[in-house]
Amino acid sequence: MSSIRSDAKAGKPVGELESKLMELERNKPRPVIVPRVLWDDTTVEALIAGMASNWPSAAIISAEAGVVFGGHSMKKDNLTGGLAVLNKLWSGEPIRADRKTEGASVLLNSGRLTLGLAVQESVVRQFFESSKGIARGSGFAARFLISWPASTQGTRFYKSMGTTIATHRFTERLKAMIGATELLVDGCDLKTIPLSPAGKAAWVSFHDGIERELLPDHEFSDNKDSASKAAENVARLACLFHLFEHGPSGEISADHVGAAAALVTWHLYEARRFLGEIAQPADQIAAERLDAWLLQQQGPVSATTIMHKGPADTRKRSELDKALQELMACHRVRVSKVGKSSSVSVNPTLRQGG
């Protein structure tokens, strides 16, 4: 290109040089594919571009998912589009993303994405509240296998952690599977593993059983979004179990479908509990926690004691007053003035044996 410019300035013919340049363009080497599977702090646009040009299978795994929930793609103005892209990746749909810096668009045809996120309750609660219903209404939350374990703080005493035989075998099997992964490029033909006749019968039974529980006043009538995705998650997990045990051949058995169904069902109940509480106003949640804490105490409790030893979301006077107003409105407690202090008494009919 430098020679073309200098010859052109000197009035020399450049046809031969231009032909050489076009030949170089036609025969330029393809970039080496260096697999990148793990992503963390990224935008949806950068993720799609990376998957389309490099490795179409990706995982966002984060032990501090505040980076993800507070990222650029989850901001108010970008949230709807960002969640829509992630939902399409879950479904395996083709995605086109514009690249502003290069003035072109990127098409991802066969992307596959896993999200594994651990997040503090306050962060995820803020995310759901700020989304104004979009996070759940778009089906984003329904695609997750949610778990919300009780806190183990105060019981996490030290114990030596040795490597068990099962852990070692599990790790070695994963390494073998990764080592056997073929070179992936976007648009490649993905293998399909079918259900065996017995496996399909087991899957249909689970699908129909969940569908019946979506009726009004049934088990999952208040959790239809997560329950509606349950059968597909069972199929995906059953396939993973089959791959782990047998590799990419054969048919998925009824045993693997049953194991996946048990796991997904447990997560369904966790999702119902989690999303049910997340959907409540913060003041109501604080009142419920205070109510449960007061029932564990003996006799009246001063407001000062509650603010020092009670639930975390009633440690401030303003928060405590709101929670007490909720409980008094439901006739759960009575608040009495003792000098300048306040004393809170639980309705005696609520005590066991009262």
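Moving on, we come to the pairing of strand β7 (residues 333–338). Pairing between β7 and strand β8 (residues 341–346): six bridges, direction antiparallel. The residue bridging R334 from the neighbouring strand is S345, located in β8. The turn joining β7 and β8, which pair antiparallel and follow one another in sequence, is formed by two residues; a positive phi near 65° is taken by G339.

This paragraph deals with the pattern of salt bridges. Tallied over the full model, the rule gives nine salt bridges. The residue D313 makes a salt bridge to R289 at a minimum N-O spacing of 3.0 Å. Here the residue D313 occupies a position in the loop between α14 (303–309) and α15 (317–329), and R289 occupies one in helix α13 (residues 282–295), the gap between them amounting to 24 residues. Since its relative accessible area comes to 29%, R289 is described here as partly exposed.

Where burial is concerned, most of helix α3 (residues 44–53) is hidden: seven out of the ten residues are buried. Of the positions making up α3, those classed as buried are V44, L47, I48, A49, G50, M51 and A52.

Attention now moves to the nonpolar core. By size, the foremost hydrophobic cluster in this structure holds 34 residues, and its most contacted members are L47, I48, L89, F127, F128 and F274. Of all the secondary-structure elements, those providing two or more residues to this core are α3, β2 (57–62), α4 (66–69), α5 (79–91), β3 (95–99), β4 (104–108), α6 (121–130) and α12 (254–278). Discounting residues that sit within four places of it in the chain, L89 has contacts with L47, I48, M51, I95, L108, G111 and L113. Counting residues in each nonpolar core, the second largest holds 17 residues, with L214, F220, V234 and V264 among its members.

Attention now moves to the packing of aromatic side chains. Using the criterion set out here, one finds seven aromatic pairs in the structure. With a centroid separation of 6.4 Å and 65° between ring planes, the pair formed by F127 and F140 is classed as edge-to-face. Placement of the pair is F127 in helix α6 and F140 in the loop between α7 (134–137) and α8 (165–179), with a sequence separation of 13 residues. Under the relative-accessibility criterion, F127 is labelled buried at 4%. Ring centres of W148 and F274 lie 5.1 Å apart, and the angle between their planes is 90°; this geometry places the pair in the edge-to-face category. In this pair, W148 sits in the loop between α7 and α8 while F274 sits in helix α12, placing the two residues 126 residues apart along the sequence. Taking the relative accessible area as the measure of exposure, W148 reaches 16% and is therefore buried.

Direction vectors running N to C along helix α9 (residues 197–212) and helix α11 (residues 230–246) enclose 155°, while the axes themselves pass 9 Å from each other. As far as their axial angle goes, α11 and α9 are roughly antiparallel. As α9 packs across α11, the resulting crossing turns out to be right-handed. Seen from α9, the contacting residues are W203, F206 and H207; seen from α11, they are A230, A231, V234 and A235. Of the residues assigned to the contact of α9 with α11, the class counts are six nonpolar, one polar and no charged.

Mapped onto the fold, N223 is located in the loop between α9 and α10 (224–228). In this structure N223 comes out as buried when scored by relative accessible area, which is 1%. At 3.5 Å, the side chain of N223 forms a polar contact with the backbone oxygen of L268. The contact partners of N223, leaving out residues within four places of it in the chain, are R136, L268, A271, R272 and L275.

Here is what the cut-offs are and how they apply
Residues numbered from 1 in each chain as written. Predicted model: local features only at pLDDT ≥ 70, side-chain atom pairs only at ≥ 80, totals over all residues. Heavy atoms only, no water. Pairing = 2+ DSSP bridges. Helix = DSSP H or I, 4+ residues; strand = E, 2+ residues; numbered from the N terminus. Salt bridge = Lys/Arg side-chain N within 4 Å of Asp/Glu carboxyl O. Buried < 20%, exposed > 50% of the residue type's maximum accessible area, 1.4 Å probe, protein only. Core = buried A, V, L, I, M, F, W, Y, C linked by side-chain atoms within 4.5 Å. Contact = heavy atoms within 4.5 Å. Phe/Tyr/Trp six-rings, centres within 6.5 Å; stacked < 30°, edge-to-face > 60°. Axes fitted to C-alpha atoms, helices over the stretch in contact; angles between N-to-C directions. Parallel < 35°, antiparallel > 145°, perpendicular 65-115°, else oblique. Left-handed = near helix turned anticlockwise from the far one by under 90°. Nonpolar A, V, L, I, M, F, W, Y, C, P; charged D, E, K, R; others polar. Polar contact = N/O pair within 3.5 Å; in protein donor to acceptor, adjacent residues only side chain to side chain.

Any functional reading would require information beyond the geometric quantities listed.
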